[in-house]
Amino acid sequence: MAAGMVATMALLTCLAAGGLVVGAEEDGGGGGLGRLGSPDYGDALAKAILFFEGQRSGRLPANQRATWRGDSALTDGREENVNLTGGYYDAGDNVKFGYPMAFTVTLLGWSAVEYGAAVAAAGELGNLRAAIRWGADFLLRAHASPTTLYTQVGDGNADHQCWERPEDMDTPRTLYKITADSPGSEAAAEASAALAAAYVALKDDGDTAFSSRLLAASRLLFDFANNYRGSFQSSCPFYCSYSGFQDELLWASAWLFKATRDAKYLDFLTNNQGSSNPVNEFSWDSKYAGAQMLAAQEYLGGRTQLARYKDNLDSFVCALMPNSGNVQIRTTPGGLLFTRDSVNLQYTTTATLVLSIYSRVLKSSGSSGVRCSAATFSPNQISSFATSQVDYILGKNPLGMSYMVGFSTKFPRRIHHRGSSIPSIKVLSRKVTCKEGFSSWLPTSDPNPNIHVGAIVGGPDGNDQFSDNRGDSSHSEPATYINAAFVGACAAAMGQKQVVKLEEPVDNLESMVSTY
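Everything quoted here is computed from the prediction, not taken from an experiment. (Residues numbered from 1 in each chain as written. Predicted model: local features only at pLDDT ≥ 70, side-chain atom pairs only at ≥ 80, totals over all residues. Heavy atoms only, no water.)

Q: Tell me about the overall build of the protein chain, residues and numbers included.
A: Within the protein chain, the regular secondary structure consists of 17 helices and seven strands. The contacts of the protein chain with a sequence gap of at least 6 include a subset with a gap of at least 24, amounting to 75%. Carbon and sulfur atoms form 49% of the exposed surface of the protein chain, whose accessible area is close to 18100 Å². (Helix = DSSP H or I, 4+ residues; strand = E, 2+ residues; numbered from the N terminus. Contact = heavy atoms within 4.5 Å. Areas by Shrake-Rupley, 256 points an atom, 1.4 Å probe, with all protein chains shown as cover.)

Q: Explain the state of the cysteines residue by residue, including any values.
A: A complete count under the given rule lists three disulfides for this structure. Sulfur-sulfur distance for the disulfide between Cys 162 and Cys 434 comes to 2.3 Å. Taken together, the residues Cys 162 in the loop between α5 (156-160) and β3 (175-179) and Cys 434 in helix α15 (residues 434-441) connect sequence positions 272 residues apart. Considered together, Cys 162 and Cys 434 belong to a single accessibility category, that of buried residues. Within the protein chain, bonded cysteines paired by disulfides and numbered along the sequence follow the pattern 1-6, 2-3, 4-5. (Disulfide = S-S within 2.5 Å. Buried < 20%, exposed > 50% of the residue type's maximum accessible area, 1.4 Å probe, protein only.)

Q: Which residues make up unusual backbone geometry, and what are the values?
A: Of note, Ser 408 is a non-glycine position whose phi angle comes to about 65 degrees, a positive value. Of note, Asp 468 is a non-glycine position whose phi angle comes to about 50 degrees, a positive value. Looking at the secondary structure, you find Asp 468 in the loop between α15 and α16 (473-476). A relative accessible area of 9% means that Asp 468 is categorised as buried.

Q: Give me the lowdown on the packing of helix α13 (residues 379-393) against helix α17 (residues 480-496), citing residues and values where you can.
A: Any two packed helices are characterised by how steeply their axes cross, that is the angle between the axes, and by the distance between the axes. Between α13 and α17, whose axes approach to 9 Å, the crossing angle comes to 120 degrees. Here α13 lies oblique to α17, going by the angle between them. Between α13 and α17 lies a crossing whose hand is left-handed. Two secondary-structure elements touch here, α13 through Asn 380, Ser 383, Ser 384, Thr 387, Val 390 and Ile 393 and α17 through Phe 486, Ala 489, Cys 490, Ala 493 and Gln 496. The residue inventory of the contact of α13 with α17, partitioned by class, reads six nonpolar, five polar and no charged. (Axes fitted to C-alpha atoms, helices over the stretch in contact; angles between N-to-C directions. Parallel < 35°, antiparallel > 145°, perpendicular 65-115°, else oblique. Left-handed = near helix turned anticlockwise from the far one by under 90°. Nonpolar A, V, L, I, M, F, W, Y, C, P; charged D, E, K, R; others polar.)

Q: Mind laying out the packing of aromatic side chains, listing which residues take part and the relevant values?
A: Taken as a whole and assessed by the stated rule, the structure comprises 20 aromatic pairs. Clustering of aromatic rings is evident, with ring pairs tying together Phe 97, Tyr 99, Phe 232, Phe 238, Tyr 239, Trp 284 and Tyr 481. The ring of Trp 134 has Arg 56 lying over it, and the distance from NZ or CZ to the ring centre is 4.4 Å. Just above the ring of Phe 257 sits the side chain of Arg 261; from NZ or CZ to the centre is 4.4 Å. (Phe/Tyr/Trp six-rings, centres within 6.5 Å; stacked < 30°, edge-to-face > 60°. Lys NZ or Arg CZ within 6 Å of the ring centre and 35° of its normal.)

Q: Run through the sheet that holds β3, naming residues and quoting values.
A: Read from one edge to the other, the open sheet built from three strands follows the order β1-β2-β3, with strand pairing classed as antiparallel. With one partner strand each, in any of the chains shown, β1 (96-97) and β3 form the two edges of the open sheet. Bridge count between β1 and strand β2 (residues 148-153): two bridges; the pairing is antiparallel. Pairing of Lys 96 across the sheet is with Val 153, part of β2. Contacts from helix α6 (residues 185-202) reach β2 and β3, with the element oriented near 95 degrees to β2. (Pairing = 2+ DSSP bridges.)

Q: Just give me the short version of helix α8 (residues 246-260), but keep the residues and values in it.
A: Residues three or four positions apart in an α-helix share a direction because the helix packs 3.6 residues into each turn. For α8, built from 15 residues, the straight-helix expectation of 21 Å at 1.5 Å per residue is met to within 8% by its first-to-last C-alpha distance of 21 Å. Judged by how many residues are buried, α8 sits mostly within the fold: 14 of 15 residues are covered. In the stretch just after α8, Arg 261 is the one whose phi turns positive, near 60 degrees. (Expected span 1.5 Å × (residues − 1).)

Q: Can you break down helix α9 (residues 263-271) residue by residue, with the values?
A: The complete set of buried residues in α9 reads Tyr 265, Leu 266, Phe 268 and Leu 269. Seen end-on, α9 carries its buried residues on one side only, within an arc spanning 155 degrees. Sitting at the head of α9, Asp 262 places a side-chain oxygen 3.0 Å from the backbone nitrogen of Lys 264. (Arc of directions from axis to C-beta. Polar contact = N/O pair within 3.5 Å; in protein donor to acceptor, adjacent residues only side chain to side chain.)

Q: An account of the pattern of salt bridges is requested, with residue identities and associated values reported.
A: By the definition in use, this model includes 22 salt bridges. In this structure, the salt-bridge partner of Lys 431 is Glu 164, at a minimum N-O distance of 3.8 Å. Separated by 267 residues along the polypeptide, Lys 431 in the loop between α14 (418-421) and α15 and Glu 164 in the loop between α5 and β3 bring together distant segments of the chain. With a relative accessible area of 37%, Lys 431 lands in the partly exposed category. Residue classification places Glu 164 among the buried residues on the basis of a relative accessible area of 2%. (Salt bridge = Lys/Arg side-chain N within 4 Å of Asp/Glu carboxyl O.)

Q: Could you give an account of the environment of Gln 64, with specific residues and numbers?
A: With respect to the helices and strands, Gln 64 occurs in the loop between α2 (41-54) and β1. Its relative accessible area of 11% is what places Gln 64 among the buried residues. Along the backbone, Gln 64 and Leu 50 are 14 residues apart, and their C-alpha atoms lie at a distance of 9.6 Å.

Q: Residues and numbers for the pairing of β2, please.
A: Within a regular strand, the side chains alternate between the two sheet faces. Of all six residues making up β2, six are buried, and the element is well covered by its neighbours. Relative to β3, β2 runs antiparallel, the two sharing five bridges. The residue bridging Leu 149 from the neighbouring strand is Ile 178, located in β3.

Q: Just give me the short version of the confidence of the model for the protein chain, but keep the residues and values in it.
A: Here the protein chain averages 88 in pLDDT, while 86% of its residues score no lower than 70. In this model residues 1-31 is a low-confidence stretch, pLDDT under 50, and it forms 49 contacts with partners more than four residues away in sequence or in other chains. (pLDDT = per-residue confidence, 0-100.)

Q: Let's hear about the nonpolar core: which residues, and what values?
A: Nonpolar side chains in soluble globular proteins tend to end up buried together. By size, the foremost hydrophobic cluster in this structure holds 146 residues, and its most contacted members are Trp 110, Ile 132, Leu 214, Met 293 and Phe 486. For this core, the element with the highest residue contribution is α6, accounting for 14 residues. Residues in contact with Phe 486, not counting those within four places in the same chain, are Ala 44, Ala 48, Thr 349, Val 390, Ile 393, Leu 394, Met 404 and Ile 456. Core analysis: the second largest hydrophobic core is formed by six residues, Trp 163, Val 432, Trp 441 and Leu 442 among them. (Core = buried A, V, L, I, M, F, W, Y, C linked by side-chain atoms within 4.5 Å.)

Below, the structure is given as structure tokens:
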């Protein structure tokens, strides 16, 4: 069957199964966002969480909603007699990278802990908890012994040379791990943070045995990371760390203190805070801003060290806020925080999450805000700017395009994603080989046959332009850690509302957010 005909059949199947309303191919009315209105944050939140079901590896459950996916990678880990099935494919490929997967779980946990009420009000708390558990389950299996953590499943080089659905893949499922002899403190500490965050998010679900496993493994992983120190840069083939491991140790200790109130984790934070220098980025590799944010939350209630964390977090705000006089991260003409011309939305969404949470911390501590060299920003002004970033992603931008697949009627149709770009195995049941994928499905200009609802792509360039080109992975590829940060940022925007009465004036605030 011709590729275009199969694509059309699969597209109609997925639209019917997913309940999407079809408008014009590239534009149209209805759904998502009005020209001058606010996005439907509840709809965006639901779709951002649904995305994770399309990234699942392993045997899919009966209630799987991304119905274009099928079971995959059911023998992962067998070569070393360990069960490494499950977890998430990282982005548009078919490799499971444990380090960024753990960061994804931590962010999802943080979103649930911080904004659980808003997520519940949208009817999505159960789905969010399921997404957290799916990733946490894998991390528990990957932690094969107190000093062994599997950090990657699949040969990244071989996988990147092949274009296959997960259900068809036949590239090597090579295993990578860190041990006492070959440590990777960043990966172990991030896994510790993830399981602690999952514990805090899931402990009231009623499964006390699972919660106990999460917390016990988190403690062991922190000890592994701290007692066998070594950078993941020397023991990884992909997603190697370049910021060192001190930030992950602080991040994990902050989460463990939140989960346990054990003084030893607070002592670790206090004794190592000297390394918590001001930063302007929060990412899978750099956790200082997140660690400082969490530590500031835990120090509320009169602890004297709050001032130290506030200085660093204020610096983070001033580096991002337009017109601050200290800005280090520019915004595009349309108002998007722009760190680099490669998967920029991963940095936008994580920064937005930190800004949103910090505005809450400032309010709860009675602070009037953040003073930068050229302006002072109230908590409401900070959260308003954070909301403007969510709005940009959802369509309030110069192109009028949502960068979330399936949200509104104008969104990326040709995302760099193997499973989305090849017809579902339920539509085209024969095997699609690596060669056929490269010759027939990667290069075609046809829209992807499977709408990967909720996927947020790398985003536009520095001039707010987006080509919707499947071959342009740096702009058209989604990733789990983009969506994970967006879940919390979107939930924050739901509470923020679109219009905030400013407590105090600031120089031309309207000019620093998108007016599109």
